[in-house]
Amino acid sequence: MPWTFFLTMTNGTPRTLELLSSNLNWGFWYLNGSDDVAPISIGANETKQVLGIRAARGTATGYECSATWKDVVPGGQKPYGTVDFSIDVPYDGTNSSRMAPIAPLKVDGWSDIPPDGHDFTRNITVS
């Protein structure tokens, strides 16, 4: 069984959170059980899986990626900010993860992954 990470997001804002950037350093995008599906944007007041990644099938090679979401700003209004995410689950070494919202956005439900292990799921709410 390949190593995996899944991120489900609830967008509690009245604006779409658009995927601004994503970077795959190691592993394969694996969104909603499908290979090669990169992270996605999420509409206002929606809940859905926005990011999935896996190691190579049948191997324990690790995975590493990052993604940033930014609110879509209606004309004349100020942006809420961004939500920056990164994860590194190496084959040999200490795991690391980061979820960094830029104020006034905040993230509830996030906890960094533990230093070991390889299969993780996180469910967060952005408000």
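Everything numeric here is computed off the predicted structure, so don't read it as measured data.

### Here we look at the side chain of Arg 122
Stage number 1. Mapped onto the elements, Arg 122 comes out in strand 10 (residues 119-126).
Stage number 2. At 7.3 Å, Asp 112 is the nearest oppositely charged side chain to Arg 122, a buried residue that forms no salt bridge.
Stage number 3. Reaching out from Arg 122, the side chain makes a polar contact with the backbone oxygen of Ser 111 at a distance of 2.8 Å.
Stage number 4. If sequence neighbours within four positions are ignored, Arg 122 has contacts with Phe 5, Phe 6, Leu 7, Thr 8, Trp 110, Ser 111, Asp 112, Ile 113 and Pro 114.

### Notes on the sheet that holds strand 6 (residues 62-71)
Stage number 1. Overall, antiparallel pairing links the four strands, which are arranged 2-6-7-8 in an open sheet. Looking at which strands have only one partner, the edges of the open sheet turn out to be strand 2 (17-26) and strand 8 (96-101). The sheet shows a mean angle of 5° between the axes of neighbouring strands, direction not considered.
Stage number 2. With eight bridges joining them, strand 2 and strand 6 adopt antiparallel strand pairing. Within strand 6, the position partnered with Leu 17 by the bridge is Asp 71.

### Considering the confidence of the model for the protein
Stage number 1. With 97% of its residues at a pLDDT of at least 70, the protein reaches an overall mean of 94.
Stage number 2. Within the protein, strand 1 (residues 4-11) carries the highest mean pLDDT (98), whereas strand 4 (residues 34-35) carries the lowest (94).

### Comments concerning the nonpolar core
Stage number 1. Phe 5, Leu 7, Leu 51, Tyr 63, Trp 69 and Phe 85 are the most contacted members of the largest nonpolar core, which has 27 residues in total.
Stage number 2. Every element with two or more residues in this core is listed here: strand 1, strand 5 (47-54), strand 6, strand 7 (82-90) and strand 10.
Stage number 3. Here Leu 51 is in contact with Phe 5, Phe 6, Leu 7, Trp 29, Leu 31, Pro 39, Cys 65, Ala 67, Trp 69 and Phe 85, once residues within four sequence places are set aside.

### Some words on the sheet that holds strand 9 (residues 107-108)
Stage number 1. Taking strand neighbours across the sheet as the criterion, the six strands line up as 4-3-5-1-10-9 in an open arrangement whose pairing is mixed. Edge positions in the sheet fall to strand 4 and strand 9, since each of these pairs with one other strand and no more.
Stage number 2. Pairing analysis gives seven bridges linking strand 1 to strand 5, with the strands arranged antiparallel. Residue pairing for strand 5: Thr 8 is matched across the bridge by Gln 49.

Thresholds, definitions, all that
Residues numbered from 1 in each chain as written. Predicted model: local features only at pLDDT ≥ 70, side-chain atom pairs only at ≥ 80, totals over all residues. Heavy atoms only, no water. Helix = DSSP H or I, 4+ residues; strand = E, 2+ residues; numbered from the N terminus. Buried < 20%, exposed > 50% of the residue type's maximum accessible area, 1.4 Å probe, protein only. Lys, Arg positive; Asp, Glu negative; His and termini not counted. Salt bridge = Lys/Arg side-chain N within 4 Å of Asp/Glu carboxyl O. Polar contact = N/O pair within 3.5 Å; in protein donor to acceptor, adjacent residues only side chain to side chain. Contact = heavy atoms within 4.5 Å. Pairing = 2+ DSSP bridges. Axes fitted to C-alpha atoms, helices over the stretch in contact; angles between N-to-C directions. pLDDT = per-residue confidence, 0-100. Core = buried A, V, L, I, M, F, W, Y, C linked by side-chain atoms within 4.5 Å.

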